[in-house]
Amino acid sequence: MNMNDEIILEVVNLKTYFPIKKGIFSLQKNYVKAVDDVSLKIKSGETLGIVGESGSGKSTLGKSIMRLVKPTSGMIKIKGKDITKLSKKEMFPIRKKVQIVFQDPYSSLNPRFTVGKIVSEGMYLHKIGNELEIKERLKEIFEKVGLSEFHLNSYPHEFSGGQRQRIGIARALALDPNLIIADEPVSALDVSVQAQVINLFMDLQQEFQLSYMFIAHDLSVIAQICSKIGVMYLGNIVEITDRNTLFSNPQHPYTKALLSSIPMPNPKSRKKDHLLIEGDIPSPSNPPSGCKFHTRCPFAKKICTEQIPYLKKIDTEHEVACHLV
Amino acid sequence: MKDIALEVKNLAVEFNIRGKTVKAVNDLSWQLKKGHTLGIVGESGCGKSVSSLAILRLIPDPPGKITSGSILYDGQDIMKMSDKNVRDIRGRKISMIFQEPMTSLNPLMTVGKQISEIIDRHFKLSKQQTFIKAKNILDLVQIPDAERWLNGYPHEMSGGMRQRVMIAMALVCEPAVLIADEPTTALDVTTQAQILALLNNLQKKLGTAVVMITHDLGVISETADHVIVMYAGKKVEEASVLDLFENPKHPYTQGLMKAIPNLEEISKNNSKPSRLEEIKGIVPSLHDLPKGCPFENRCSFAMEKCKHKSPNFEEKAPGHWASCFKEFN
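Residues numbered from 1 in each chain as written. Chains lettered and ligands numbered in written order. Predicted model: local features only at pLDDT ≥ 70, side-chain atom pairs only at ≥ 80, totals over all residues.

Undergrad: Can you lay out the overall build of chain B for me, pointing to particular residues and giving the numbers?
TA: For chain B, the count of helices and strands is 12 helices and 12 strands. Rg of the C-alpha trace for chain B: 21 Å, near the compact-globule value of 20 Å for 329 residues, within the 12% margin. For chain B, the C-alpha atoms occupy an extent of roughly 70 × 55 × 40 Å along the three principal directions. For chain B, the residues scored as buried account for 47% of the 329 residues in total. Excluding contacts between residues fewer than 6 apart, the proportion of contacts in chain B whose partners are at least 24 apart in sequence is 64%. (Helix = DSSP H or I, 4+ residues; strand = E, 2+ residues; numbered from the N terminus. Rg over C-alpha atoms; globule rule 2.2 N^0.38 Å. Buried ≥ 20, exposed ≤ 12 C-beta atoms within 10 Å, placed from the backbone. Contact = placed C-beta atoms within 7 Å.)

In structure tokens form, the structure reads like this:
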């Protein structure tokens, strides 16, 4: 893979807040800070993984980048172009460049459309060619994702979960995007099928020079496919680095806990000393002060409850947000 | 035979769906030793959940039907018991935890009421004693502020806490056998680690035998003593957890292990993102199983005879069984 250094996606200080109304006449306004000051970059041909537990804001981050939810503040740049404030109409040509694959292959495909129509709809909307050209491209894409031409007129219910996810990938691929955001694309699939879909993602990346943002709760899946990984907790990225460093030298206590929580498929290394973190992720509408992780952190000190730690560089490609590092 | 907590013999379950017969479980047998954990692993549709429901006769009939087999608990066959006797066993001697803590609790009942329902069914205790028992079990599953939560409703709790309540309900009568059907699948990894640690502690404390049903080989390796691998309704491999992971003897088990990302490999320096070894194709449809080995169409070692004949389930090494014609060393 030849990686040039073109930056496909740049996110600067992105915040996405959802208002919740409280009190009589909704006078008091409170916010769920789903994404709270996130910055990241994805280079051409690179795969960035975003990992976090439910409620960490990872999906909202993906949707904000797609402009499927409106970001509160910050900037999103696609190939150097700021898209944060674009109108729906101005956004339209950009949508070709960034596509999304959803988690649930059951509910993200219209049951009343044939899969041929599902995959080609975008091509017609964006008028990427005449009828014949689109039909040709459709066949080509189906072949690429491992489906056959004869599936074109079938409906989604006729397919298995893995095949449906292939259809979702085909739909994303149809417009020849630069970046695909994949939101938990394999978590609804069985292990053996999961491997097939992960491999498909990797093959397509090779062939089309795609950049991916891979969102998942499962670190092992992320690790298989991503060159760079960001760990999210309550709307913030708490650690971001390349995959080798994250696994061999994790710095943030939350990353360490996540790594230690993964059950290893090796009974010999059955861990006796899991670094267990207690409790659950706090509500993002009322996050703890200071470092948001301090309520569950086994190493929390006084400073952690008072000051917010910001991401700091501890190595060329390694940033951590923790006072104790 | 004294140390066997539960034994399943030649169990077969069929579903009749729109005139088609689906063999969900086919000739399944296993033994669970007292205080041990038996892991059952397989992908969706392999019959692992159906077989566990069959143990407590929870298969809806119709469309389901237990066509043969016996479930031996304490010298008695659950299949031959009267409905009333089975109800005496459910929750008291053998209890179950389900995957979805959101849907398996009653949203209209307080947590305390749901726990005391089980106590009332099996013991004759005063209101006060029931309350204390319910509170103690919540303490045992480490729910903070148990007394307050007895009056709380499930929707006020997080997923992890709900699963703790499920475990509390399952263990409140101190059953001999606990069947845990994907108990951590719906939970986050950190919560999963907490719940698995809790189950492990409780098992040690109460001496319960556990059947751990999961699709996750990681969970199996962390919890089980003995493992069964199921594929298309059948047992394809059985061994102690160490033997199974060290030296899997069925191509399906081998494939499963290669199909999951190997974190030990990944954490090595300069490893690059790489393809996984996949198992090609999909599970055959259960109402149209092939005549030969059900794994034949996906197996990389398939031979001509695999198409026509189903291999016997035989002992390949001491304490290690598999159903495959090929011998793996």
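Back to the text.
Undergrad: Tell me about the confidence of the model for chain B, residues and numbers included.
TA: Overall, the prediction assigns chain B a mean pLDDT of 89, with 99% of residues at 70 or greater. Both scores are given for the predicted complex: the pTM is 0.87, the ipTM 0.83. (pLDDT = per-residue confidence, 0-100.)

Undergrad: Got a sec to walk through the sheet that holds strand β10 (residues 236-242) of chain A? Specific residues and values, please.
TA: Residues and elements named next belong to chain A. With mixed pairing, eight strands are arranged side by side in an open sheet as β6-β7-β8-β3-β9-β10-β12-β11. The open sheet is flanked by β6 (98-101) and β11 (312-315), the only strands paired with a single partner. Adjacent strand axes in the sheet meet at a mean angle of 20 degrees, parallel and antiparallel pairs treated alike. Sheet topology note: the strand β7 (residues 179-183)/strand β8 (residues 211-216) ladder contains five bridges and is parallel. By the bridge assignment for β8, Ile 180 is matched with Tyr 212. Its contacts with the sheet put helix α9 (residues 253-261) on β9 (228-233) and β10, and the angle it makes with β9 is roughly 105 degrees. (Pairing = 2+ DSSP bridges. Axes fitted to C-alpha atoms, helices over the stretch in contact; angles between N-to-C directions.)

Undergrad: A description of the interface of chain B and chain A should follow, citing residues and the corresponding values.
TA: With 40 residues of chain B in contact, the opposing surface of chain A contributes 40 residues. When residues of the side of chain B that touches chain A are traced back to their parent elements, those giving at least two are α7 (189-206), α8 (217-223), α9 (241-246), α10 (251-259) and α11 (263-266) of chain B. Of the residues forming the side of chain B that touches chain A, the biggest block, seven residues, is contributed by α7(B). Its residues assigned to classes, the side of chain B that touches chain A comprises 19 nonpolar, 15 polar and six charged. (Nonpolar A, V, L, I, M, F, W, Y, C, P; charged D, E, K, R; others polar.)

Undergrad: How would you explain the nonpolar core if you had to name every residue and give the values?
TA: Among the nonpolar cores identified, the biggest contains 182 residues, and Ala170(A), Ile222(A), Ala168(B), Val177(B) and Val211(B) are the most heavily contacted of them. Of the residues forming this core, the biggest block, eight residues, is contributed by helix α6 (residues 159-171) of chain B. Setting aside its immediate chain neighbours within four residues, Ala168(B) contacts Ile115(B), Ile137(B), Leu138(B) and Val141(B). (Core = buried A, V, L, I, M, F, W, Y, C linked by C-beta atoms within 7 Å.)

Undergrad: Account for the packing of helix α6 (residues 191-208) of chain A against α10(B), with residues named and values stated.
TA: Interhelical geometry of α6(A) versus α10(B) gives an angle of 45 degrees and a closest axis separation of 9 Å. If you check the angle between α6(A) and α10(B), you find them oblique. Considering the relative orientation of α6(A) and α10(B), their crossing is left-handed. Residues Val191(A), Ser192(A) and Ala195(A) of α6(A) lie in contact with α10(B), whose contacting residues are Gly255(B), Leu256(B) and Ala259(B). Along the lines of polarity and charge, the residues of the contact of α6(A) with α10(B) split into four nonpolar, two polar and no charged. (Parallel < 35°, antiparallel > 145°, perpendicular 65-115°, else oblique. Left-handed = near helix turned anticlockwise from the far one by under 90°.)

Undergrad: Tell me about α6(B), and name the residues and values.
TA: Residue and element names in this part refer to chain B. Compared with the 18 Å implied by 1.5 Å per residue over 13 residues, the 18 Å span of α6 between its first and last C-alpha is a close match. Taking burial as the measure, the 13 residues of α6 include 12 buried ones, the bulk of the element. Restricting attention to buried positions, one finds in α6 the residues Gly 160, Met 161, Arg 162, Gln 163, Arg 164, Val 165, Met 166, Ile 167, Ala 168, Met 169, Ala 170 and Leu 171. Against β6 (94-97), α3 (111-122), α4 (127-140), β7 (177-181) and α7 lie the buried residues of α6. (Expected span 1.5 Å × (residues − 1).)

Undergrad: Let's hear about unusual backbone geometry: which residues, and what values?
TA: Residues and elements named next belong to chain B. With an omega of -10 degrees, the peptide bond running from Asp 61 to Pro 62 counts as cis. On the secondary structure map, Pro 62 appears in the loop between α1 (48-55) and β4 (64-73). Geometrically, the link from Pro 62 to Pro 63 is a cis peptide bond, its omega value of 10 degrees lying close to zero. Phi at Gln 142 is positive, roughly 60 degrees, even though this residue is not glycine. In the Ramachandran plot, Ala 232 falls in the positive-phi region, its phi being about 50 degrees despite a non-glycine side chain.

Undergrad: Outline the environment of Val50(B), listing residues and values.
TA: Residue and element names in this part refer to chain B. Mapped onto the secondary structure, Val 50 falls in helix α1. Overall, the presence of 22 C-beta atoms within 10 Å leaves Val 50 in the buried class. Residues Val 50 and Ala 12 lie 38 residues apart in sequence; the distance between their C-alpha atoms is 9.9 Å. In this structure Val 50 touches Val 13, Ala 24, Val 25 and Ile 59, once residues within four positions along its chain are discounted.

Undergrad: Residues and numbers for the sheet that holds strand β3 (residues 37-41) of chain B, please.
TA: In any sheet, the strands associate via hydrogen bonds between backbone groups, in a parallel or an antiparallel arrangement. Residues and elements named next belong to chain B. The strand order β6-β7-β8-β3-β9-β10-β12-β11 describes an open sheet built from eight strands, whose pairing is mixed. A strand with exactly one partner marks an edge of an open sheet, and here the two such strands are β6 and β11 (314-317). In this sheet, neighbouring strand axes are inclined to one another by 20 degrees on average, regardless of whether the strands run parallel or antiparallel. Looking at chain direction, β11 and strand β12 (residues 320-322) are connected through three bridges and run antiparallel. Across the sheet, residue Glu 314 finds its bridge partner in β12, namely Ala 322.

Undergrad: Break down α3(B) for me, with residues and values.
TA: With 12 residues, α3(B) ought to run about 16 Å at 1.5 Å a step, and its terminal C-alpha atoms sit 18 Å apart, in line with that. Residues of α3(B) that are buried in the fold lie against α4, α5 (146-149) and α6 of chain B.

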